[in-house]
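# Remarks on the overall topology
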Amino acid sequence: MDVLTTVAGQLNTELMAKPAKLQAFLKERPSISIPFNGGLFITDIGGTALADYPVVSGRVGTNYIDRETISIPLKEGKTVIGRPNLGKTLKAPIFSIVVPVHDLNGSVIGAIAGTINLGLPNFLDKLAMGRYGTSGGYLLIAPQYRLIVTASDKRRVMESLPAVGVIPAMDRMLAGHEGTEIFVNAKGVEVMNSGSMIPVAGWRVVVSVPTTEVFSVVNNMRERVLIVSLIVALIATLIAAILTARLLKSQHAAELALYDPLTLLANRRLMDERWNQAQASSRRTGKYFAFMILDLDNFKSLNDKHGHSIGDRQLKEPARRLQSCGRDVDSVCRYGGDEFVVILGDLDTDQATAAAQASTVAEKIRALMAHPYLLETTHSGKSDVTVQHVSTVSIGVTLSLHDAFSQSDILKHADTALYQAKHAGRNAVRFYEARNPV
């Protein structure tokens, strides 16, 4: 909330009236989006998204006024932590924090919304990854919606709780009772639950343990839950303070640390993190992920003929085209020189189907990259010249399933496939075929 409030204070009527400048404003401050793994966007007073970052296809231009999370800040000027629901654009379980934007007279002229995708790693995992005893865990509940926001058991994310009256003890806990309740839950298991309120959101953090395990520690359970609540509150406060400080003092340093300054794509360091996320997701869901290495064909000839400045312009356009091909769960990185990496996550659990999905994306990329590039050259004392350049791409692809291969092995496999694509005449896609398939 502090991060969004700081950004809202930097917006004004003139900037809100020019979506292109508003988009540039967000793009120049990528560290703003760090706590929001679903990205953030800015709406006008009517609830229509004007700009977003990172750019998500279809989000700009979508109207969100039918969501209370957006309509309340716009109509009442209040900051809102919204109800978890299925995102209009992301098509994933999300919740948003929305802060109104005011003009110099204090009138609301729009809103800025930060989105947390509950299906991907997020800051709430600091709570949800915890366990209590051998079989207990934590729940973060929105009582006003009778909805589980997140939990140690990820299968319970966005789970609806029983209606009022079905389990009275649960009703008391959700109504604000700070004690401990024992009841049989919706799964037929007798549990002991203790909870504490998180006032800023009106949510509750709850520890739930089967009674068969808990009686030996019942005397100190409440103390532990309260400690967890304090730790969560402290972590949230520290994160907000650190991110706000970074926003104001270290935006450029953060950008250089994680993003390639030329193409604004993720660099190798961020690629490692994205690879770890893809591997963790594969481990959790049992789905394959794909790793692609792309190399621009004939890039050296462009540099040799027209110089490195036009070569740099050439690299920016493939980067833009690659981003337009991706999904929310995919990552695009600049690996170095004229090489790029694409990580495709959340493919099918069947290897053949996953390979077909990856092949479809790879062929889409190959076809898009083959379109001619129009590049302007500037020479001192001469008129600008537009150069039409055709540069195809060679793509090496390898599939992996959770921990089947190390990152170094996957890089070698993809590089081997890339060599095969180039050896086949370039402008081709090749898959690595292991002797012992995954």
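This text goes with the structure placed above it.
Below: a short report on this structure. (Residues numbered from 1 in each chain as written. Predicted model: local features only at pLDDT ≥ 70, side-chain atom pairs only at ≥ 80, totals over all residues. Heavy atoms only, no water.)

## Structural notes on a nonpolar patch on the surface
Judged by side-chain polarity, Leu-234, Leu-238 and Ile-242 come together as a nonpolar surface patch covering roughly 280 Å² of accessible area. Along the chain, Ile-242 turns up in helix α8 (residues 218-249). Taking relative accessible area as the criterion, Ile-242 reaches 44% and is therefore assigned partly exposed. (Patch = residues over 30% accessible without salt bridge, like charges linked within 9 Å, V, L, I, M, F, W, Y side chains within 5 Å. Areas by Shrake-Rupley, 256 points an atom, 1.4 Å probe, with all protein chains shown as cover. Salt bridge = Lys/Arg side-chain N within 4 Å of Asp/Glu carboxyl O. Helix = DSSP H or I, 4+ residues; strand = E, 2+ residues; numbered from the N terminus. Buried < 20%, exposed > 50% of the residue type's maximum accessible area, 1.4 Å probe, protein only.)

## Some remarks on the environment of Arg-268
Among the secondary structure elements, Arg-268 is positioned in helix α10 (residues 268-285). Given the relative accessible area of 45%, Arg-268 is considered partly exposed. Along the sequence, Arg-268 and Tyr-335 sit 67 residues apart, while their C-alpha atoms lie 6.0 Å from each other. The contact partners of Arg-268, leaving out residues within four places of it in the chain, are Arg-334 and Tyr-335. (Contact = heavy atoms within 4.5 Å.)

## Points about the sheet that holds strand β14 (residues 331-336)
One open sheet holds the 5 strands; their spatial order is β14-β15-β13-β18-β19, and the pairing between them is mixed. Unpaired on one side and paired on the other, β14 and β19 (429-431) mark the two borders of the sheet. Shown here is a sheet whose adjacent strand axes are inclined to one another by a mean of 20°, direction ignored. Where β14 lies against strand β15 (residues 339-344), 5 bridges are found, and the strand directions are antiparallel. Bridging across to β15, Val-332 finds its partner in Val-342. Where helix α13 (residues 351-369) meets the sheet, its contacts fall on β13 (288-296), β15, β18 (393-401) and β19, and the angle it forms with β18 comes to roughly 160°. Contacts from helix α14 (residues 407-423) reach β13, β14, β15, β18 and β19 within the one sheet, and its direction differs from that of β18 by about 145°. (Pairing = 2+ DSSP bridges. Axes fitted to C-alpha atoms, helices over the stretch in contact; angles between N-to-C directions.)

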